[in-house]
Each structure stands twice: as C-alpha cells, then as structure tokens.
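Letter by letter, the chains look like this.
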Amino acid sequence: MVGHDGVGIGDFVLLEVIDKDHFMQNLEKRFSGGCIYTYIGEVCVSVNPYRTVNIYDQEQVNKYKGREIFENPPHIFAIADSAHKVMKQQGRDTCIVISGESGSGKTEASKIIMKYIAAVTNAGGQQEIERVKNVLLQSNAILETFGNAKTNRNDNSSRFGKYMDINFDFKGDPVGGNISNYLLEKSRVIYQQPGERNFHSFYQLLFGASDSDLSKLRLKNKVDNYFYVNQGNAASVRSISDRSDYKATQSAFRTLAFSDHEIDTIWRIVAAILHLGNVKFRPDNESVKLDDPGVLDTISGLLSVTNQELRRALCERVIAAKGEVMAKTHNEAQANYGRDAFAKAVYDRLFSWIVQKVNRAINLKDEESSRYRQKTTVIGVLDIYGFEIFDVNSFEQFCINYCNEKLQQLFIELVLKQEQEEYQREGIQWQNIDYFNNQIICDLVEQSHKGIIAILDEACLNVGKVTDEMLVEAMDQKLASHNHYSSRQLKPMEKDLKHKEDFRISHYAGKVTYNINGFLDKNRDALFQDFKRLLYSSSNPTVKEMWPEGAMDIFQTTKRPLTAGTLFKNSMIALVKNLASKEPYYVRCIKPNENKSPVQFDKEQVLHQVNYLGLIENVRVRRAGFAYRQRYDLFLRRYKMISQYTWPNFRSGNDKDGVKVLMDEQGYSDDVKYGKTKIFIRSPRTLFSLEQKRSRMIPGIVILLQKQWRGAICRRRYKKMKAALTIMRVYRLYKMRSYFQALQAIFLNVSSRRDFGKSLRWPNPPLVLRKGVKNLKAIHERWRAWMIIKRIPQEDWPQVRYKVKACDALSNKRSYYGLSRRWEGNYLALNNENSDSVQYNHTINNIKNKDKFKKVLFSSFIKKTNRFNKSADRALLVTDTGVYKLDAKKLNLMKRVLSIQEITGVSCSPGTDQLIAIHSSLGNDLVVALEPRDNQDRVGELVGVICHRYFEVCGRDLNVNVNMHFQCKLGNKSRSVKIELSNEAQSGMFKKDGQNVLYLLPLQNSNNLINTKQAMQ
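Here the structure is a predicted model, which is why all the values come from computation and not from measurement. Note on numbering: residues in each chain are counted from 1, in written sequence order. It should be noted that, the model being predicted, local features are given only for residues of pLDDT at least 70 and side-chain atom pairs only at 80 or more, the latter also being counted only at that level, while totals for whole chains, interfaces and linings use all residues. The side-chain values count all of the structure's non-hydrogen atoms but skip hydrogen atoms and water molecules.

Our next topic: the overall build of the protein. Counting its regular elements, the protein contains 32 helices and 31 strands. Projected onto the principal axes, the alpha-carbon positions of the protein cover approximately 165 × 90 × 55 Å. Any residue under 20% of the maximum accessible area for its type is buried, any over 50% is exposed, and the rest in between are partly exposed; the area is computed with a 1.4 Å probe on protein chains only. Buried residues in the protein amount to 52% of all 1017 residues. To be clear on the numbers: accessible area is Shrake-Rupley with a 1.4 Å probe, and residue cover counts the displayed protein chains and nothing else. Here the protein displays about 49,500 Å² of accessible surface, and carbon together with sulfur accounts for 48% of that area. Neither His nor the chain termini are counted; the positive set is Lys and Arg, and the negative set is Asp and Glu. Here the site of a charge means NZ on Lys, CZ on Arg, CG on Asp, or CD on Glu. Measuring between centres, the 152 positive side-chain charges of the protein sit 13 Å from its 112 negative side-chain charges. Secondary structure elements follow DSSP: runs of H or I no shorter than four residues count as helices, runs of E no shorter than two count as strands, and numbering proceeds from the N terminus.

Laid out in structure tokens, this is it:
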C-alpha cells in the first residue's frame, strides 16, 4: 500500500497533521531515503534525484501495468497507467499535466510517461502502431534540439511549452498525435546570460557536423567565432554530448520522414543565424554600412536570396504610403534592432515549421481518420514551464507566470470539483474548504479593457512615440485599486522598486517584480515586412514555405496582427478549455537544490516551490475531513483476511455489508462513513492500524496459498502426465496398426512372387516399431531363405551352408570359386579321385577311433612347401576337429597339423590357381596347392568348409585374405608368397626366392595369371 511504505508516508493525505513543517519533513525524509515519488491522492509529487535511478525497466513496467494506484509504492508509472486505463476502459479523454520550475525534471517526466505508454501498448505487434510509437518517441529528440537550452538551473531546460495529444484506438494502442507549442523563448537566440547557452541546435551543428558539412556552411567548430552563441561562455557542458546528440537528431529526422533537402535546409538556416550574429554596422552619414560585406554573401547563399536584397533589408526599410513607395534608411541602432529581430523571427518560424512537420508525421492520415472516427480517445501530456522568479524578470517571465496562474486555477477548480462531485455521488455531506482562489490574479492579467495585456495592447496601438515608462504610468492609473498590483508610484515606501521601471504582481506563488523595459517591443513582436518579402523570394522552396505572408503586395493593407501577449493569452485560454474537457492527472516536479546535488535538500528553495505549486492546499482539499476513501470491493479484497467473518470470502451480503462487518468487528465504526460505493476513513491512524493487522496475516496466507498452489500444480502436472501417457499409448497403437495394415497390403501374396518379396520396399516404420521391424525383416529373410532352401534336397544342405560362407568370404574378391558345381567334400573317398580309396577309408577309421572326430569335411591331394623350401606331394584332410596331413602314396597319417581353434586365417589368390595358405597360431602355416584329378577349382570349397566350421566352433567369422601375394609364417619366420609364370614349370610348383616363396605356374596357364591380375585391378 502507498500510504506507509517504510520511508515516511507515501501519500501526503495520510499525514496526521497537515501543515508546512510536517509536509516538508515527510518530503525530505522520502528524498533522503531514495523515494523520489510521493502522492497527494492521485497527484504525483516528483523530486528530481539528480542521479540515475533504476526504477524504469521492464520489470517495473510489468509491476505497475493494469494495477490500482494504491497497490504499489508511488511511481510516475502508476499515474501514466491510470490515465491510460481510464481512457481505454471508460472511453474518456485524459490528460497528464506536468509542472514545476526549470530543472525540476519536467522534460524527463514527460519522456518517462511516453516510454511507459509505448511499453504497455501494441501487444499485437502491428507494424503501423509500432511506427507511430517510434515517431512519438523520436519527436522528443527533435523538439529538444531546437527548443531546449542549457540554463544556470538546468542543462536541458525546455524554453517552450509543449502539449501533446496522443490518439488511441479502441484497443488502447496509439494511432497518431498532435503537438502544440507555446511561447518559444526567442530572445535566447540573440542573448544569453553568463553561464547559459543558446538552443542546443547551434552547438550540435558546430560540434557534431563533419568538417566537410561545416565547410559547405562556411562554419568552423569554434564557438568563440560567433557572437550569438559565445555570450554565456558555457559552450562545453559535461552532461551533454553535442556530437552524439547531433547524430540522434539526424536519425530522428529520418524516422519522421524529413527529406534530405529539408534536413539540409534546416541546418542552413541555423548556420545563417550564426553568421547573422556577426553582421556589424557602422554609421555612414544618415545611413549605415556593413563592416564585413563578405558575411552577407555567406548568409544570402545559405538562405538562397540575393546579396543585394539582403543588404537592402538589413540597412533600410521600404514604406508604402498614399500609393507611393519610399525607402527609409536605418541608423545603427535601428539596423542592430532589425538584425536581431530578423534572427529571432527566422528561428521562431523554423521551430514552428519543424513542429508542423512533426505533426504531419504523427497526425492520423485521412484513411485512418475515417477508420478511427468516433472510436479514438486521447491522452494529453502537458510539459510546460514552471513559475519563474529571476533577479530581472521581463515579458517572458510575465507570460510564463500568467500561464502558471491559469493552470493553478484549473488545478484547484478541478480538484475541488472532483472532490465535491465524489461527495455528492457517495451521499457524504460536503464541507466548505478555505483556499486561495487566484481567479483575481488571472483577471488582473487577462481581463478585457482592464487587464495588463489589454493595457499593453492599447499602448502598442497608439500612434506616436509610446515608451515603456508611459506604459507603467498607464498601468498605475488603471490598476491603482487592485490589491495584487503595485509600483513605486503607488507605494513609495517600497524602495526596492525602481521608479517608472518596475511593477509588482502578488502571484499565488509569491510576489514577483517585473522590469518594464522591452515589454512594448516584445509584445509587438514586430518584424519589418522587408524581411518577410525577402525570405518569400528565396529560391529554396522550404524557406519560402515558412514565410507565406511575404507574398502580399507592398500596397496591400492588412489587418493589424495580434500582439504576442494576446496570442499567448488566447492560446492559454484554449489550452485550459482543452484540459478542462479531459480527466486530469498531475505530476508536480520539485527541484531539491540549485547545485544539482543528489543528496542536498534545500528546505527554503523546496518550500518556495511547494507554496507556488499549491501542494499543501491540494492536500487540504483532498483531505476534506477524510484521509482515505476506497471502493467497497477493493477495500474488502485488501483487508478481508483480518476478520474471521470475511475470510476467505464474505457470503452474507454484498461488499458494503462485508466492509461494515469487518469495521464493526475491529472497532473502527466511529471513524468511518459509508457512501454508496466507497468507504471513507477519517483518521490515518485507523488506516495504518488496518495495514499493520493485514501485514501480520500476510505471511501465513502466503504459506497457505503456496501450499495449495504447489499441490494444485502437482495434481495438474500428474493429470497432464497421465493424459499424455494415455494419448501416447493410443497413438502408438494407432501407428502400429496403420503400419501393419500398410505392410499387409504390400506383402499380400508374397509367397507367390518369384523373389518372395526381396524387391519389395518396406514402409518407414513409426518410432515405436523401429526395433521390432528389424526382427520382422529378419523373420522375413529367414522365411524367404526357407522358401528357397526347401526346394533343395536335404542331403545337399551342408554344401549349401559351405557355399554361403564361401560367398561371404570370396564374393567380389575371387573370380571363380566353384559355386556352379556340386561340392563333394571328401574327394579322396571317391574312386574316380583316389584309386586307393579302400586304404584311405581304413586310415580314416583309425584316425576317427583315435581322435574321436565325427566327420570328414574335406580331403584332397596337395603339393606343400615347408620351412626348408622343399615341396612334397601330400593329402589334406579337414575334419570337424582339425586339419591333417597324409602320405600321398600310402595314405597313412603323417601328423595332425592344427586344430580348428588354432586356425587364425586363410589366404588365397584372386585367380583360378589352387594356391591356399591356412594360417596357424603356432607359427607354422600350411602353404599348399590343391591338385584335384579333374583340375576343378576347389579353393572356394575349402575356404567355405574351414570358415563354416570355424564359426561353429569359435562363434566368429574367420579372416580371409585374397591377394596376388601374401604373408605367411614357416618355422616362425615371416615369408612372402608370390605367384609367377615360368618356362621350367610343367605344373604348379614351389620355388625358393631368397627368404620368400614363389609359386610357379606353366606358361600355358598364363590366362589364369592374367585373369588373376585383372581381378586384382
């Protein structure tokens, strides 16, 4: 709650005692504690912190978005959100009035409000709305450049008043806007007090533009060279970077659709004003001459006018009377006055043109106006100068202080009106409140025929020489009886007033002494018609557009233009009328000290601002007998936990009944009044007591809510998980069913296909079946293999297994390995292969009885070589347990070479020769050449037999090497075996080749070798 947030009182309405001392104590306490915002009801009092505070990020935006103003600590975001919420929900136009003296943070407050509105709108991300938001934000950069300046009180002081209307659609998103400017301080263009600067635009151009751009404008980045910007001796400001600001201004120009020509013209005009300040005159008889005619060439070139016409406009004046035209030359004083008036008028017209150009960028387009007609609502943001009291106060301070009088009058009237209307709505008896009504001061300034502005205008209209002294005399004569006006003539005892120079007005904020010098000239705001015709004749269309009145003929009589005072008065009346038609919200800005210190709190200076802002009167009006009021539903929602009858919900009546029950139980009935929709609490002590009781209950409620919510989250998560599992299960079944249906359609009648479905493409399985489909494919392959094998006689199945193994080992490696013939295996048992098969069978039986093997897998005659490079004829026997050598003639067992487990690999050539090596782990490989009687290639059969049996015994595949030459071990020594052709070989034979072994083939077998080499390639 805002009323009591730990650092003082967050709402001045809740102070126990309403007076200056308690008000100042609370304000200083909150400022010292880092709380720069404090409420007066729905008015936000903002104290400039003079430091960066991290309270404007997105987290803070989310904290205040859509919340009631009392729910969070005081913040300007809450004011902006309330204005936007009322505008959006109730369809009522609202406005935010930001006021305070120079340096109190008004400009920053307006930018913060704009950024907040931009942050909480356009949730849909529409491009056009985003463009409007960007244009609204970027317009600030341009207006600050040309309308703000460094003063002794503020490094970025707004020297004009600004009111911006932001149009919103029915969704609450910005769709356009319009800016109105008031009373630009033109005198700053030609004169600055010590320690102050001209408008930022001049310094941004000098310090930010490139050397080439400055050269085109005939400028140098030396402020001392230009009289209009060097009088204050404060060109360099620590808190301002003119170079980066210049870049930001250029970027903002492009964002707001300024053309390159228009941007160039703007800076040419600024440069022309700088050069104009260096124009000096010297007397020449009854006329004047220019000290430096070269400056004129530069200025005329920048403004796109002729040198001769510019010289004539500066040095003389054309007068038309009775159908005749005559030229009247200036004296030195008149020429200087005309030059300065020209410079001020050019800059003022430039600034007004820029505002119009900005408005064209942000105004609703024609098609948008028709689309949003009677659907748009408005938030107005007023950032206007505060009350000013200087050592010397002139016409500008008079207008500014009159503006503040009008706004103060509106403020009191609206606050009183709101309070009185609320009391009447709620049926609470209204109490009259004593306050200072400053209508009498507004009348002193603006009343027709009697007010100061009327007297000033009358003096300006008189024919003849009317001086400022004569103006004071006229004011003394007509305002002598007014209690808030005085002068030295009317009150001779007030010695601080200069005779016939000063007059004093007793404003609501205090007495202000004004110096009359310059009032008449500033009110006339006269500019010779020659200058208007000069700039209208410019060949630059943008410059010409700024001066449409220059098109009038010199003989044309026109209505006398309104004076500056009357124009300002009319604009103030229109502004107040506009603000009065809207729901107002206020931000009152206060400057804590003159030194821009983040810790100093100057009580005297702050009290002065509190007085002229009328803050204590505001508290008294708001208090009006009751410190706090709130709607029943919101009040009950906040405090229902402190009563057993209203927690957790009150069900014995409406919200009003619940509030009554709660207050009766707590014993506060005598301190409250019950309206129709709100409860009114008289004493802040009652509210603080309620808040303390609520604070004691909150921790237990938070723990209860956390427990309930955590349980709810877990239950919700469990239900989601259970539902997800059910959905996954059903979905998996659906995908499985769909897959099997597709599979069934593809493999329908597959048994009648020639390849039994080998060429059919399997559909992509769902994730749940990816592992299972591998098994399905394996089942299909086994079924397909069975369908093929069952056609083969069962007695041939062993050789089929061998052929499969041989195929795995030799496919694409050896050109031929006997797949097309029948594999007999035990060839030596056949009579056509071995004439002494009886003796062979007898030997086999003896070996079988001894070694207990079950079956002979392969037998053949061979030629072998040994470690001594000697070859011999032998017989090879492969059983299910090992490999044996037999004598080729007697067929007796010579020795068992190795067991199946001791075999480490097999090597053979890729050709049709019969060379094969059986590698052993014992270090003595068996290198042989098969010698079948029918010359059939049996290498493939032997490889298949050994590989198949090895897999059965060892459970893994045997390594098979196919190459023209390969390594082997004989007697534990590594040897290389090569195949070559030789004339001396009648048949295949082994021969020593150093430490290697050659296997020689006869020349008639050259085709075999060629085939072998081709196979290797």
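Okay, back to it.
Burial of strand β6 (residues 161-168) is extensive: eight of the eight residues sit out of reach of the surface. Residues Gly161, Tyr163, Asp165 and Asn167 line one face of β6 and the alternating positions Lys162, Met164, Ile166 and Phe168 line the opposite face, and both faces are buried. Both β6 and strand β7 (residues 174-182) contribute to a ladder of eight bridges, which runs antiparallel. From the neighbouring strand, Asn167 faces β7, where its bridge partner is Gly176. Pairing between two strands requires that DSSP report at least two bridges joining them. Here β6 hands over to β7 after five residues, with Gly172 in that stretch at a positive phi of 85°.

The linkage connecting Trp647 with the following residue, Pro648, adopts the cis geometry, with an omega of 0°. Along the chain, Pro648 turns up in the loop between α25 (632-639) and α26 (655-666). Positive phi is not limited to glycine here, since Asn749 has a value of about 60°. Here Asn749 shows up in the loop between α27 (684-746) and α28 (770-789). Exposure remark for Asn749: the relative accessible area of 53% places this residue in the exposed category. Not every positive phi belongs to a glycine, and Asn869 is a case in point at roughly 60°. Mapping Asn869 onto the fold places it in the loop between β20 (856-865) and β21 (871-879).

With that settled, consider the sheet that holds strand β31 (residues 996-1002). Read from one edge of the open sheet, four strands run β28-β29-β31-β30, paired in mixed fashion. The outermost strands of the open sheet, each flanked by one partner alone, are β28 (965-970) and β30 (989-993). Each strand of the sheet is rotated relative to its neighbour by a mean of 35°, with strand direction disregarded. Note: β28 against strand β29 (residues 973-982), six bridges, orientation antiparallel. Opposite Phe966, over in β29, you have Val977 as the bridge partner. Think of each axis as a best-fit line through the C-alpha atoms, taken over the contacting stretch in the case of a helix, with angles from 0 to 180 degrees between the N-to-C directions.

At a minimum axis distance of 7 Å, the contact between helix α29 (residues 797-810) and helix α31 (residues 939-954) shows a crossing angle of 100°. Put simply, α29 runs roughly perpendicular to α31. Taking contact as the criterion, the partners of Arg801, Tyr802, Lys805, Ala806, Ala809 and Leu810 in α29 are, on α31, Gly940, Val943, Gly944, Val945, Cys947, His948 and Phe951. A per-class count over the contact of α29 with α31 returns eight nonpolar, three polar and two charged. Just so you know how the angles are binned, under 35 degrees is roughly parallel, over 145 roughly antiparallel, 65 to 115 roughly perpendicular, and the rest oblique. Whether two residues touch is decided by their heavy atoms; if any such pair falls within 4.5 Å, the residues are in contact. Residue polarity follows a fixed list, in which Ala, Val, Leu, Ile, Met, Phe, Trp, Tyr, Cys and Pro are nonpolar, Asp, Glu, Lys and Arg are charged, and the others, Gly among them, are polar.

This next bit is on a nonpolar patch on the surface. The grouping of Ile727, Tyr731 and Tyr734 at the surface amounts to a nonpolar patch, some 360 Å² of accessible area in total. Looking at the element boundaries, Tyr734 is found in helix α27. Here the term patch refers to residues with relative accessible area over 30% and no salt bridge, with like charges joined within 9 Å and nonpolar side chains (Val, Leu, Ile, Met, Phe, Trp, Tyr) within 5 Å. Take a side-chain nitrogen of Lys or Arg and a carboxyl oxygen of Asp or Glu: if they are within 4 Å of each other, that pair is a salt bridge.

What follows is about the pattern of salt bridges. The tally for this structure, following the rule as stated, stands at 39 salt bridges. Its salt-bridge partner being Arg524, residue Asp521 comes within 3.4 Å of it at the nearest N-O pair. Taken as a pair, Asp521 and Arg524 lie in helix α19 (residues 519-524) at a separation of three residues, close to a single helical turn. By relative accessible area, which is 31% here, Arg524 ends up partly exposed. One connected set of salt bridges, linked through shared partners, spans Arg159, Glu185, Arg188 and Glu196.

The next subject is the pairing of strand β12 (residues 377-383). For β12, the tally of buried residues reaches seven of seven residues, placing the bulk of the element in the interior. Every second residue of β12 is oriented toward a common face, with Thr377, Ile379, Val381 and Asp383 on one face and Val378, Gly380 and Leu382 on the other, all of them buried. With five bridges connecting them, strand β3 (residues 94-99) and β12 associate as parallel partners. Opposite Val97, over in β12, you have Leu382 as the bridge partner. Bridge analysis of β6 against β12 gives seven bridges, and the strand direction is antiparallel. Within the sheet, the bridge partner assigned to Phe168 lies in β12 and is Thr377.

Right, let's get into the side chain of Arg638. As for its placement among the helices and strands, Arg638 is situated in helix α25. What makes Arg638 buried here is its relative accessible area of 11%. Within 3.5 Å is the distance limit for a polar contact, defined as a pair of N or O atoms, with the added protein rule that one can donate a hydrogen and the other accept it, and that residues adjacent in sequence qualify only through two side-chain atoms. Only 2.8 Å separates the side chain of Arg638 from the side chain of Glu691, close enough to count as a polar contact.

Another aspect to go through is the packing of helix α5 (residues 127-147) against helix α9 (residues 242-255). Where α5 meets α9, the axes come as close as 9 Å, and the angle between the chain directions of the two elements is 135°. In terms of orientation, α5 and α9 fall into the oblique class. As for how α5 packs across α9, the hand of that crossing is left-handed. Residue-level contacts link Asn134, Val135, Gln138, Ala141, Ile142, Thr145 and Phe146 of α5 to Ala248, Thr249, Ala252, Phe253 and Thr255 of α9. By residue class, the composition of the contact of α5 with α9 is seven nonpolar, five polar and no charged. Note on convention: near helix rotated counterclockwise from far helix by under a right angle means a left-handed crossing. Clockwise means right-handed.

Within the secondary structure layout, Asn156 lies in the loop between β4 (148-149) and β5 (157-158). Ignoring any residue separated from it by four or fewer positions in sequence, one finds Asn156 in contact with Thr107, Glu144, Asn148, Ala149 and His200.

Now for the environment of Lys758. Note that Lys758 resides in the loop between α27 and α28. Between the C-alpha atoms of Lys758 and His780, which are 22 residues apart in sequence, the distance is 9.0 Å. Contacts of Lys758, omitting those with residues within four sequence positions, involve His780 and Arg784.

Strand order in this open sheet of three strands is β17-β19-β18, and the pairing throughout is antiparallel. Either end of the sheet is taken by a strand with one partner, and the two such strands are β17 (628-631) and β18 (672-674). Neighbour-to-neighbour, the strand axes of the sheet open up by a mean angle of 20°, direction not taken into account. Its contacts with the sheet place α25 against β17, β18 and β19 (678-681), and it is angled at close to 100° to β17.

Before going further, it helps to examine the nonpolar core. We call a set of buried residues a nonpolar core when its members are Ala, Val, Leu, Ile, Met, Phe, Trp, Tyr or Cys and they connect through side-chain atoms within 4.5 Å of each other. Ranked by internal contacts, the top residues of the largest apolar core, which has 110 residues, are Phe146, Phe202, Phe258 and Phe342. In this structure Phe258 touches Ile142, Phe253, Ile263, Ile266, Trp353, Ile354, Lys357 and Val358, once residues within four positions along its chain are discounted. Within the second largest apolar cluster, 95 residues are counted, among which are Cys95, Cys460, Ile505 and Phe568.

Attention now moves to the packing of aromatic side chains. The relation between two aromatic rings is expressed through the spacing of the ring centres and the mutual angle of the planes. Whether two aromatic rings pair depends on their centres lying within 6.5 Å, for rings of Phe, Tyr and Trp, where Trp uses its six-membered ring; planes under 30 degrees apart make the pair stacked, over 60 edge-to-face, and the rest tilted. One pass over the full model with this rule turns up 33 aromatic pairs. The interplanar angle of 90° and the centroid separation of 5.6 Å between the aromatic rings of Phe395 and Phe519 together place this pair among those described as edge-to-face. Note that Phe395 is positioned in helix α15 (residues 395-426) and Phe519 in helix α19, a separation of 124 residues in sequence. The burial state of Phe395 is the same as that of Phe519; both residues are buried. Feature note: the residues Phe146, Tyr246, Phe253, Phe258, Trp267 and Trp353 constitute an aromatic cluster, connected by ring pairs. By definition here, charges over rings are those cases where NZ of Lys or CZ of Arg is within 6 Å of the ring centre and within 35 degrees of the ring normal. Here the guanidinium or amino end of Lys357 rests over the ring plane of Phe258, the centre of that ring lying 5.7 Å away.

This brings us to the state of the cysteines. A pair of sulfur atoms, both from cysteines and within 2.5 Å, is called a disulfide here. Across all of its chains, the model carries zero disulfides by this definition. Here Cys947 stays free of any disulfide, with the sulfur of Cys908 as its closest cysteine sulfur at 9.4 Å. What makes Cys947 buried here is its relative accessible area of 5%. Note on Cys968: no disulfide assigned, nearest cysteine sulfur contributed by Cys908 at a separation of 14 Å.

Tracing the chain through its elements places Asn523 in helix α19. Along the sequence, Asn523 and Asp383 sit 140 residues apart, while their C-alpha atoms lie 24 Å from each other. Residues in contact with Asn523, not counting those within four places in the same chain, are Phe395, Leu456, Asp457, Cys460, Thr563, Ala564 and Gly565. Among the polar contacts made by the side chain of Asn523, one reaches the side chain of Asp457 at a distance of 3.0 Å.

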